[in-house]
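# Observations on chain architecture
Given next are the chains, with one letter for each unit.
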Amino acid sequence: MISLIVPPCDKISRVTKKLGDEFGTASNIKRRANRQSVLGAITSAQQRLKLYNKIPPNGLVLYTGTIMTEDGKEKKVTIDFEPFRLINVSLYLCDNKFHTEVVNEILESDDKFGFIVMDGNGTLFGTLSGNSREVLHKFSVNLPNNHGRGGQSALRFARLRMEKRHNYVRKTAELATQFFINPATNQPNVSGLILAGLADFKTELSQSDMFDPRLQAKIRNVVSVSSGGENGFNQAIEMSSEILKNVKFIQEKRLMGKYFEEINKDSGKYVFGVDDTLKALEMGAVDVLIVWEDLDITRYVLRNSITGEVVIKHLNKEQEANMSNFRDSASSADMEVQDKMPLLEWFANEYKQFGCSLEFVTNKSEEGFEFCRGFGGIGGILRYQLDMRSFDELSDDEQVYDDSE
């Protein structure tokens, strides 16, 4: 399998020459099967490159080789496309798999925000990027309390307390540089920085000469939270939502908040589960279709081998292993698979036909986790009130998804 990634600054002629050189090298592979496979993949790549006069503005990604289908059969595939975002990496790999790491990277959100949550008990460093919230590091500190006694003892304890406080701020500032400055570029690795905490620690840090000026320039918000640690981290994200409004994590929380608000109001303008969601889609009632990005359900188009009747079923992995789902319950006739594809892919291809928008969510936010665990990872916000209980249940043959199986 060949993975080829070409940046826009490259030339077709150079890539073609590179493939020609690789073809010559591959001709010396001793094992015939491997040699034929590699030569065939290189030839397919050369033929596909002939369709391009120059590298597209965002670069070119090409995968070609022989894969094994679920039926255990070999299938030759060639996939080429211009990525939606500029790609500056040059890559040629011949392996037993396609390398998609570079493509995965450009799918991630550009905006990464750093968080420093600081209070009298310690500091937490974290980041928020796309749908991913990550704790980078946290440490504890033991600062002395204000001393109530008078005289020289009070002055000495106050001096010790200020010294420890100073050292605490300095350590936090040094770690901030370690986590949020890229040593390769000497520039911040975050788009913005949020400082949070109790009392005036956060303000003292932001104004300290010990705090890296490159990071001071990146401060987007300073917020007071009621606790430190991870609870404070979550509060800081919530309180900075306006600044973070373009970050996917915040967008997801807002979307799921709207969805659960409809449920709490019992407005009838929501739907969940595969059965009811598909019914509402067919009626044109769905305004926003919400689907878990890892939903593991397959859409089958099945044909009765005796009557010729075609039915559609949506099965999870456990149901796919149950062969009774591929036999007609009335006649015991086998159901031939006419077509199958992941339900996620079918939604991505067909959602516009139903006049709705499609939103993929993760289980990384609290709301997303609840949606995936408690509501099956599929549902929608409706345009108008709809009582799904008023509709007749589908017959057993047409059952698309049964949580009890």
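As the structure is a prediction and not an experimental result, all values here were calculated from the model.

### Details of the nonpolar core
Within the largest apolar cluster, 23 residues are counted, with the highest numbers of intra-cluster contacts made by Leu 289, Leu 343 and Phe 347. If you list the elements that add at least two residues to this core, you get α9 (274-282), β13 (286-292), α11 (343-350) and β18 (378-382). In this structure, Ala 173, Leu 175, Phe 180 and Leu 205 belong to the second largest nonpolar core, which totals 20 residues.

### Describing the confidence of the model for the protein chain
When pLDDT is averaged along the protein chain, the result is 86; 92% of the residues meet or exceed 70. Low pLDDT, under 50, characterises residues 392-405; the stretch is placed with 28 contacts to residues that sit more than four places away or in other chains.

### Topic: the packing of aromatic side chains
Taken as a whole, this structure holds 14 aromatic pairs when the rule is applied. Seen in terms of ring centroids, Tyr 259 and Phe 260 are 5.6 Å apart; in terms of plane orientation they differ by 70 degrees. Their pairing is edge-to-face. The exposure classification of Tyr 259 matches that of Phe 260, with both residues buried. Here the basic side chain of Arg 165 rests over the ring of Phe 201, its NZ or CZ set 4.2 Å away from the ring centre. The ring of Phe 139 carries the charged tip of Lys 171 above its face, separated from the ring centre by 4.3 Å.

### Some details on the sheet that holds strand β15 (residues 310-316)
Taken in spatial order, the 3 strands line up as β15-β14-β16 in an open sheet, and their pairing is antiparallel. Pairing within the sheet leaves two strands with one partner each, and these edge strands are β15 and β16 (335-342). Direction aside, neighbouring strands of the sheet carry axes that sit 25 degrees apart on average. Summarising the sheet, strand β14 (residues 297-304) and β16 pair through 7 bridges and their orientation is antiparallel.

### Brief notes about the pairing of β18
Counting buried positions along β18 gives 5 out of 5 residues, so the element sits mostly inside the fold. Residues Ile 378, Gly 380 and Leu 382 of β18 are buried on one face, and the alternating residues Gly 379 and Ile 381, pointing to the opposite face, are buried as well. Summarising the sheet, strand β12 (residues 270-272) and β18 pair through 3 bridges and their orientation is antiparallel. In the strand pairing of β18, Tyr 270 is matched with Ile 381. In the sheet, β13 pairs with β18 via 5 bridges, with the strands oriented antiparallel. The partner of Val 286 across the bridge, within β18, is Leu 382.

### Focus on the packing of helix α1 (residues 12-26) against helix α2 (residues 32-49)
Where α1 contacts α2, the two axes come as close as 10 Å, and the packing angle between them is 165 degrees. By the angle class used here, α1 and α2 are roughly antiparallel. As for how α1 packs across α2, the hand of that crossing is left-handed. Contacts from Ile 12, Val 15, Thr 16, Leu 19, Gly 20, Glu 22, Phe 23 and Ala 26 of α1 reach α2 at Arg 35, Val 38, Leu 39, Ile 42, Thr 43, Ala 45, Gln 46 and Leu 49. Here the residues of the contact of α1 with α2 sort into 10 nonpolar, 4 polar and 2 charged.

### Observations regarding the packing of helix α8 (residues 248-265) against helix α12 (residues 366-374)
For any two helices packed against each other, the geometry comes down to the angle between their axes and how far apart the axes lie. It is the contact of α8 with α12, at a shortest axis distance of 8 Å, that shows an interaxial angle of 55 degrees. Classed by the angle they form, the pair α8 and α12 counts as oblique. In terms of crossing hand, the pair formed by α8 and α12 is left-handed. Of α12, the residues touching α8 (which contributes Glu 252, Lys 253, Met 256, Tyr 259 and Phe 260) are Glu 367, Gly 368, Glu 370 and Phe 371. Here the contact of α8 with α12 is built from residues that sort into 4 nonpolar, 1 polar and 4 charged.

### Some remarks on the sheet that holds strand β6 (residues 122-129)
Strand order in the open sheet formed by 5 strands is β7-β6-β5-β10-β11, and the pairing between neighbours is mixed. Both edges of this open sheet fall to β7 (132-140) and β11 (219-224), since each of them pairs with a single strand only. For this sheet, the mean inter-axis angle between neighbouring strands, taken without regard to orientation, is 15 degrees. As paired strands, β6 and β7 are joined by 8 bridges and run antiparallel to one another. Paired with Thr 123 across the strands is Phe 139, a residue of β7. Packed onto the sheet, helix α7 (residues 229-239) meets β5 (112-119), β6, β7, β10 (192-197) and β11 and runs at close to 135 degrees relative to β7.

### Quick look at unusual backbone geometry
For Asn 186, which is not a glycine, the phi torsion comes out positive at approximately 60 degrees. In this structure, Asn 186 sits in the loop between β8 (181-182) and β9 (187-188).

### Let's talk about the pattern of salt bridges
Going through the model one piece at a time under the given rule, you end up with 16 salt bridges. As a salt-bridge pair, Glu 230 and Arg 133 come within 3.2 Å of each other at their nearest N and O atoms. With Glu 230 in helix α7 and Arg 133 in strand β7, this pair connects stretches of sequence that are 97 residues apart. The partly exposed category is assigned to Glu 230, whose relative accessible area is 36%. Residue Arg 133 is classed as partly exposed on the basis of its relative accessible area of 25%. Here Lys 138 ties to Glu 230 by a salt bridge, and the two come within 3.3 Å at their closest N and O atoms.

Rules and cut-offs
Residues numbered from 1 in each chain as written. Predicted model: local features only at pLDDT ≥ 70, side-chain atom pairs only at ≥ 80, totals over all residues. Heavy atoms only, no water. Core = buried A, V, L, I, M, F, W, Y, C linked by side-chain atoms within 4.5 Å. Buried < 20%, exposed > 50% of the residue type's maximum accessible area, 1.4 Å probe, protein only. Helix = DSSP H or I, 4+ residues; strand = E, 2+ residues; numbered from the N terminus. pLDDT = per-residue confidence, 0-100. Contact = heavy atoms within 4.5 Å. Phe/Tyr/Trp six-rings, centres within 6.5 Å; stacked < 30°, edge-to-face > 60°. Lys NZ or Arg CZ within 6 Å of the ring centre and 35° of its normal. Pairing = 2+ DSSP bridges. Axes fitted to C-alpha atoms, helices over the stretch in contact; angles between N-to-C directions. Parallel < 35°, antiparallel > 145°, perpendicular 65-115°, else oblique. Left-handed = near helix turned anticlockwise from the far one by under 90°. Nonpolar A, V, L, I, M, F, W, Y, C, P; charged D, E, K, R; others polar. Salt bridge = Lys/Arg side-chain N within 4 Å of Asp/Glu carboxyl O.

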